[in-house]
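Fold and contact review
Chain residues, written in single-letter form:
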Amino acid sequence: MEVLELKPNFYYVGVVDHSLKLFDVAVLTNDGTSYNSYLLKTPEGAILFEGCRREYEEEYFRHIEEIVPLKDIKYLVVTHSEPDHSGSIGKLIDLNPELTILASPACLKNLDAITRKPFKRKVMNPLAPLSFGGYTLEAVSGLMLHWPDVMFTYIKELKVLVSCDAFGAHFASDALLLSKEPDKERYYAALRYYFVSIMGPFAKFVTAACERVKKLDIDMICVGHGPIIDTNVQDQIHRYEELAKEFTPVNDPNFVTIVYASAYGYTREIAHSLETKFQHDGKKAALYEIDALNYGSLKDKILNDIAHSGTLLLGSPTMVGDAVCLFYDLLSHVYTTVGQGKKASAFGDYGWSGEAVKNLSERLSQLHFNVIPGYRQVFKSDKASEEELQKYYETLK
Ligand SMILES: Cc1cc2nc3c(=O)[nH]c(=O)nc-3n(C[C@H](O)[C@H](O)[C@H](O)COP(=O)(O)O)c2cc1C
């Protein structure tokens, strides 16, 4: 399907790509994706919502021109300036230098740096709706979903919310409409994966945005990727809220996550001793020993426990001047939004130089944990090190 009239004078003019396998370097797109854009024809001229990825601009322009000549576009509304939605805007400005871009201040700033061209502009302000061609465009903040520039648009007369990445999924659907998508189960799996990969770190912002969106009378969400949500809109918003709840970190002061590795058992002894001390004090401790064989299957469970505990302890022996590499992979999935407000510390055994504790502590600081100075031990424990460990434990309580 090339273009589709979604509502009277309101058209889908985006591009569907079934072949895409990878997005943003690390996100798998087994179901392809689409770069959605929309066109509203009014008696005063056309309003285009969203740009397109640069590689697809010819198809995008062709779809628009099936409805109106490019020169008839009066406004381009840009919800979010990531290049998959803005890469084509430089060319569009060349083809229609008279169009005015409507966006948040942060988005306009990004577009200056992405297009490197002068363009007419107007700031989208949630307190000042814009009336044009018989329609009212209301700006609704979508802050941090998933960039600081996001500003949704509510087209009041159409009961449409244009939301870009929020509520979207990498899912190439020829049906274009969720109501007509035959494989909803697969779509919902893609929606969840998209949420985890893209929106997960910003879960609490999702909750805030859903609160704003729920107040609007909406019967269609025009997303930036995947099928347009034209059915059970409130249920879809609720589904998004539930995902946000699941991925919002909780700092439970009575829950400690201890993750350690150990080649010869010394770091294991420290980890078990700490676990016993916490349990003795009535705290719940989740203890994980990781290695190259079990790490893949434990990772998601560990990350979930980290998100829900008040304290994180990482125990690594020093190996070749550093911590065991698995810890760096693990921490690459822990976002600063998770670290905020949680206590964390590193411990570990070593032979001669003992860099693991210092290096892990630095990484934990970068992730905004409240880092408590770590504990190191040379080979086997003795009475003195047991006393040191007890003192260390006191600082963790
Ligand atoms: C491959 C390998 C490399 C090591 N490199 C270092 C090192 O760079 N610095 C250091 O202090 N200890 C090093 N060690 C010594 C270990 O840190 C030490 O054996 C420690 O007690 C291991 O603790 P574990 O029993 O918990 O594995 C190395 C050990 C191994 C097996």
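Values in this document were obtained by computation on a predicted structure and should not be read as measured data.

1. Some words on the sheet that holds strand β14 (residues 151-155)
Pairing is mixed across the open sheet formed by five strands, whose spatial order is β12-β13-β14-β15-β16. Edge strands, defined here as strands with exactly one partner in the open sheet, are β12 (130-132) and β16 (220-223). For this sheet the average axis-to-axis angle between neighbouring strands, irrespective of direction, equals 25 degrees. Relative to strand β15 (residues 160-164), β14 runs antiparallel, the two being bridged by three bridges. Note on β15: the bridge partner recorded for Tyr-154 is Leu-161.

2. Concerning the domain arrangement of the protein chain
Taken as a whole, the protein chain is organised into domain 1 (4-247) and domain 2 (252-396). Summarising the inter-unit geometry, the C-alpha centres of domain 1 and domain 2 are found 42 Å apart.

3. Side note on the side chain of Asp-349
Note on placement: Asp-349 falls in strand β20 (residues 343-350). Look at Asp-349: it is buried, it has no salt bridge, and the nearest opposite charge is Lys-380 at 10.0 Å. When sequence neighbours within four positions are dropped, the list of residues in contact with Asp-349 reads Tyr-266, Thr-267, Ile-270, Ser-316, Pro-317, Thr-318, Gln-377, Val-378 and Phe-379.

4. Brief notes about the packing of helix α10 (residues 325-332) against helix α12 (residues 356-366)
Between α10 and α12, the least distance of the axes is 11 Å, while the angle of their chain directions is 5 degrees. With respect to α12, the axis of α10 lies roughly parallel. Here Phe-327, Tyr-328 and Leu-331 of α10 come into contact with α12, specifically with Asn-359, Leu-360, Arg-363 and Leu-364. Residues of the contact of α10 with α12, tallied by class, amount to five nonpolar, one polar and one charged.

5. Details of the sheet that holds strand β2 (residues 10-12)
As summarised here, the arrangement of the seven strands in space is β1-β2-β7-β8-β9-β10-β11, forming an open sheet in which the pairing is mixed. Edge positions in the open sheet fall to β1 (4-7) and β11 (120-123), since each of these has one partner strand only. On average, each strand axis in the sheet is tilted by 25 degrees relative to the strand beside it, whichever way the strands run. For β2 and strand β7 (residues 38-42), the ladder comprises three bridges, and the chain directions are antiparallel. Bridge assignment links Tyr-11 to a residue of β7, and that residue is Leu-39.

6. Here's the deal with the site of the ligand
Surrounding the ligand, one finds 18 residues, the nearest of these being Ala-263, Thr-267, Thr-318, Asp-349 and Ser-353. Ser-262 has a polar side-chain atom sitting 2.7 Å from an oxygen atom of the ligand. Here an oxygen atom of the ligand and a backbone polar atom of Gly-354 are 3.0 Å apart. For the ligand, the protein covers 84% of the area, taking 640 Å² as the surface of the free molecule. Residue assignment for the shell around the ligand shows that the elements contributing at least two residues are α8 (266-280) and β20. Considering only residue class, the shell around the ligand consists of nine nonpolar, eight polar and one charged.

Rules used in this analysis
Residues numbered from 1 in each chain as written. Predicted model: local features only at pLDDT ≥ 70, side-chain atom pairs only at ≥ 80, totals over all residues. Heavy atoms only, no water. Pairing = 2+ DSSP bridges. Helix = DSSP H or I, 4+ residues; strand = E, 2+ residues; numbered from the N terminus. Axes fitted to C-alpha atoms, helices over the stretch in contact; angles between N-to-C directions. Domains from an automatic or database assignment. Buried < 20%, exposed > 50% of the residue type's maximum accessible area, 1.4 Å probe, protein only. Lys, Arg positive; Asp, Glu negative; His and termini not counted. Salt bridge = Lys/Arg side-chain N within 4 Å of Asp/Glu carboxyl O. Contact = heavy atoms within 4.5 Å. Parallel < 35°, antiparallel > 145°, perpendicular 65-115°, else oblique. Nonpolar A, V, L, I, M, F, W, Y, C, P; charged D, E, K, R; others polar. Near = heavy atom within 4 Å. Polar contact = N/O pair within 3.5 Å; in protein donor to acceptor, adjacent residues only side chain to side chain. Areas by Shrake-Rupley, 256 points an atom, 1.4 Å probe, with all protein chains shown as cover.

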